[in-house]
Amino acid sequence: MAEPAMKQSDETGEIFDKGIDKGLARLTPEKIEQVINKVLSAETGARLKTYVNTCVHCGLCSEACHYYLSHDNDPKFSPAGKVKQTIWEILKKKGKVDHKFLKKAAEIAYTECNLCRRCAMYCPFGIDIAYLISVMRRICHMLGVTPLYMQDTAHSHSATLNQMWVKEDEWIDSLFWQEEEAQDEMPDLRIPIEKEGAEIFYSVIAPEPKFRAQLIYQAAVIFNVAGVDFTMPATPGWDNSDQCMFSGDYEMMGRLKKAHFETAMRLKVKRIVMGECGHAFRSVYDVGNRWLAWKMPPIPVTHAVEFYYELLKQGKIKITKKYDKPVTLQDPCNISRGRGLHEKARYVVNALCEEFIDMQPNREHNYCCCAGGGVINTGPPYKMKRIDGNRVKAEQLFAAKARGAKVVIAPCHNCHGGIEDINHHYGLDMELHFLGDIIYKIMEKPA
Amino acid sequence: MYNLSTWDWETGKKLIADTGKWKDSFDWVEEPYVSPDGERIAAVVKTGEMEYSVCENNTPWESTFDKVWYLKFGPDNRLTALVSDTGVWTVAVDGAAWGNTFDFVWNTKFGPDGKNITVAVQKDMEYFAVTNDIPWETRFSALSNLTISHDGSRVAGVVPTIAIKQGDIFQFQEGCYSVAVDGKPWDVNFVNVWDLAFSHDGEHVAAEVRTSLYDYTIAVDGVLWDKIYTSVWMPQFSPSNGSVTAPVRIAGKWTLVQDGKSFWDRSFAQLWHHMYSPDGKKIAAVVASKYGRWTIAVNGIPWSLTFGDLVTDAVFSPDGNRVACIGKEGGKWTIAVDGKVWGAKYDMVWQPVFSPDSEKVAAKVERNGQYTIIVNGKPFKESYKALGEPVFSPDSAKILIKGIQEDSAGEKYFRQVVPVTEIIG
Amino acid sequence: MHDVYNFVSGPLVWVSFIIFFGGCLYRLISMAVLAKKKDVFVYEYMSFKYGLRSIFHWIIPFGTVKWRKNPILTIVTFTFHICLILVPIFLCAHVILWKESWDIGWWYFSDTTADILTGIVIACCVFFLIRRIVLPEVKYLTSVSDYVILAMVAAPFITGFWTYHQWPGCKITGIVHIIAGEIMLAAIPFTRLIHMVYFPFTRGYMGSEFGAVRNAKDW
């Protein structure tokens, strides 16, 4: 998407975002009040009420949040502090809030919280602050006050059922293209399209065919070498990503997940294996499916980290020589706190690399990359906010680097984007890779 | 609809092709496809350096291509493939390529008798549909949700009718999409259009639309229902009276409405893929009777049998009195008919098939990588490495089994006609 | 004075207990009903095993990363909550009242122990007060109601302490003590003090989502 030729902030630091600002300009006080109260009464219930009544304003959640830590413990960035500036105020004023409030609330909800759920592990009551911020996002969506770039992505989802305006032929053609490229290396390699009854449907996010096609190439090589019986669809439903989940357009989220799972059912696969993406896993595993009344994914989903674990454990891929640069690992929130894959990720990293230097904190307690939760999808206007909001990640990486780590492995697209920016801005000068990059590089391939 | 009466229904097992030997003849053999009548089996094969073709019953097509994909047999047993030659794409039917070429071709669709073959194409970054090598006259900047009428003669798709400026979210929200029927777009735009359905006479099209980011409804020939909903799923026309029904979401629950008015008197946690019985008197739908429990509702009344994982591929019997579907519970797949589940569980099952007399139900199933056919819950004694869909004979007494079996000499494809009594006793 | 005493230690006790138990029951039932109606996930994903696993870690001092990272706060919090519950139940004077009214009794603290524990509760309240005033992240979240709640909790202990030590005005503080206790009891269901009642459910639900669905720890 072209970057809009507009000033992104003024001397006061106020950021202009056409989606939010123009969206707000369309709203009357009556409309604001009506929409807010409709969302609150129709869509929230015991959870919101209980969470708000249970919070004793103790501030213990503060140090869970990378924004809070990165802003020198500014309480406005603490998880409960963000709820105070959004949901508490809305409840207190019974929806009678003004444009200024809403602009701030939208910015907080979309650009100052990654919905990473780390605070749920620091609040003694287990208050789900990510849920409360999601309620704020839902209100913003219903009011039409969403960041431009994220909304454009949501529109792409609605029109094409993928995140990047990829047309049906472009998708198939990019699979052919990657298959052909990879055949130069491995003449018998195949990316089977629409192979009904295959064991696995390999699903990716739209940025892969659009910008990172080499990831499809690498996955194809890995799958072919390992003898994996997989297929990829020639229809919409191939994209597992979901910015509608983050913008608050849950109806579209449901539509996307329906298309994804029904594609798997149509292809008669046993399970869906997905690429190294965290937010998509969240959407497919325990958010999007729920909106559709599937208690658990109707077709099991396996994240790439777990799949690589299986392939290595079963000896289906073998390593020629371990990767010799010292590595550290970014635990993506949505597959560590979201699926407990951190130990399997460590197994994979240790199986692949000579030297693994863990970040501190790690596993469920790792800091978010600050790109997740749709924050990176709010685009250039909020890029610096995202980078400033994760100084603590830079410090964490510096510490790992001081202990020798030269490479960051981030098995998640958002983590990749977030850490890439942090890497440049803070001058970390570390290499950044997906697990697939490393597996592809060091695995045994047929001569 | 297959023309079953012209097929060979003589009981017995016939060797059609020595598919195992194909691997000796070609470097590259993809998964095989069998024709509906079982007389033909085909696969994409590599015939030379960067040269592909289709091997059918041991013989490759004379024509070769740079790339061949999407092998599909039509209901009339003709074999289609999407092929590219020197960088341009077209459709090959039984080895003969269409005269028109395109920059890309995909999504082959057949009419019920197989005479009409439709594809979506892109040429010079313009999108349109092509039926039997005859392209739409109008071109669009995109084309999706390609849908054909019940007789296969008409084609509709979702198209942008306004040049969409990248990143202009406000223009998008004014509505840039419409429905093109045989290339002619409706004169009304929507924010989004998704699944389309033709009336049974092919004269009307109903579409799932969104008129703002929040307002969903159904448009019939471009005219919106006067009710809006928080979401809708694919509409259907009644075969008997032409009314349109669609699942809609009201206050967080799903129900079925007709022409924008209430129809089913109860709502569900989910309701989709509704379908009419052939006579139009009954409607069945996949529903979640409560969160996480899936079943079939017929005329609004759910079965008491529910599944936890999913229910899919429901089908009415020809007489409209019975419904069969696939259900999955605890990771295992099975078939349910009229609210009763078949005992055996499988690693995968395919859409059940009713016999013409509506009394028998057959399905292809897989367990531990071996396939077989189950009729009325009873498995056929033989198992296969690969199987086509089962087809009942017109008198419902026999069943056609199209399967690949492996012996010491390798894989072979057989066409078998088996008396149903041999399976169900 | 005697009439007032009789009133606050008689009918008002009944009223406060009825409000406390009735209110808590009402809040719990209404939460359960609302959740059934609007938050289907809570019932669907609540897991006894994983809910308890999480609760268990959080009710053990230093059982979670959070508790270990803030040792002083952890000690104060646990001490405060334990004393807050134990002192009123095992205070000799209270046990005597139960004995007189219902002829039931149980073990009780010695007066000195109770006195020390009461002092600890008051000290903890002072700690929380200072924390609220001094720590920016707590101050930012604090509203008048937070002070009122804290005062409501501290009042019965301060007045009890005062009365026990027979300090000036102890007759009045004695009555104030009873009223303060009753107010606190009655306020629990209708203020954020309800957190003590909701804790097993909020923590249990989060523990279930983390443990049973996401295969992860939440502590």
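Per chain, residues are indexed from 1 in the order of the written sequence. Here chains are named by letter from A upward and ligands by number from 1 upward, in the order in which they appear as written. pLDDT decides what is reported in this predicted model: residues at 70 or higher carry local features, side-chain atom pairs at 80 or more are listed and counted, and totals for whole chains, interfaces and linings draw on all residues regardless.

## Things to note about the confidence of the model for chain C
What counts here: Confidence scores per residue from the predictor, reported as pLDDT, run from 0 to 100.
When pLDDT is averaged across chain C, the result is 95; 100% of the residues are at 70 or more. This complex was scored by the predictor with a pTM of 0.97 and an ipTM of 0.98.

## So, unusual backbone geometry
The line we're drawing: Here a helix means four or more residues in a row that DSSP labels H or I, a strand means two or more in a row labelled E, and each is numbered from the N terminus. Exposure classes come from backbone-placed C-beta atoms, where a residue is buried if 20 or more other C-beta atoms lie within 10 Å of its own, exposed if 12 or fewer do, and partly exposed in between.
A cis amide bond, omega -10°, links Gln360(A) with the succeeding residue Pro361(A). Mapped onto the elements of the fold, Pro361(A) is located in the loop between helix H17 (342–352) and helix H18 (383–388). Backbone geometry places Asn77(B), a non-glycine residue, at a positive phi of 70°. Relative to the assigned elements, Asn77(B) resides in the loop between strand E6 (67–73) and strand E7 (79–85). The class of Asn77(B) is partly exposed, set by 19 C-beta atoms lying within 10 Å. The backbone of Asn107(B) shows a phi angle near 60°, a positive value even though the residue is not glycine. Here Asn107(B) shows up in strand E10 (residues 104–110).

## A few points about the sheet that holds strand E17 (residues 184–185) of chain B
Strand pairing within a sheet occurs via backbone hydrogen bonds; the two strands may be parallel or antiparallel. All names here are of chain B. Applicable threshold: Following DSSP output, two strands are said to pair if at least two bridges run between them.
Spatially, 4 strands are ordered E14-E15-E16-E17 in an open sheet, and the strand pairing comes out antiparallel. Here the strands that pair on one side only, and so sit at the sheet edges, are strand E14 (144–148) and E17. Bridge count between strand E15 (residues 155–160) and strand E16 (residues 177–181): 5 bridges; the pairing is antiparallel. Within E16, the position partnered with alanine 156 by the bridge is valine 181.

## Thoughts on the interface of chain A and chain C
Here is the rule: By the convention adopted here, residues make contact when the C-beta atoms placed from their backbones lie within 7 Å. For this scheme, ten residues count as nonpolar: Ala, Val, Leu, Ile, Met, Phe, Trp, Tyr, Cys and Pro. Four count as charged, namely Asp, Glu, Lys and Arg, and the remainder, Gly too, count as polar.
Counting residues at the interface gives 40 residues for chain A, matched by 38 residues for chain C. Listing elements by their share of the side of chain A that touches chain C, those giving two or more residues are helix H3 (46–54), helix H5 (79–92) and helix H14 (278–291) of chain A. The biggest single contributor to the side of chain A that touches chain C is H3(A), with 7 residues. Looking at side-chain class alone, the side of chain A that touches chain C contains 13 nonpolar, 16 polar and 11 charged residues.

## Describing the domain arrangement of chain A
All names here are of chain A. Stated precisely, the cut-off is as follows: Note that the domain bounds reflect an automated or database-derived domain assignment.
Entries for chain A in the domain assignment read domain 1 (18–146), domain 2 (152–312) and domain 3 (315–442). A C-alpha centroid distance of 28 Å is found between domain 1 and domain 3. Tallying the contact residues gives 14 residues for domain 1 and 19 residues for domain 3. Elements supplying a minimum of two residues to the side of domain 1 that touches domain 3: helix H4 (66–70) and helix H6 (99–111). Here the side of domain 1 that touches domain 3 gets 4 residues from one element, more than from any other, and that element is H4. Considered class by class, the residues forming the side of domain 1 that touches domain 3 number 7 nonpolar, 4 polar and 3 charged.

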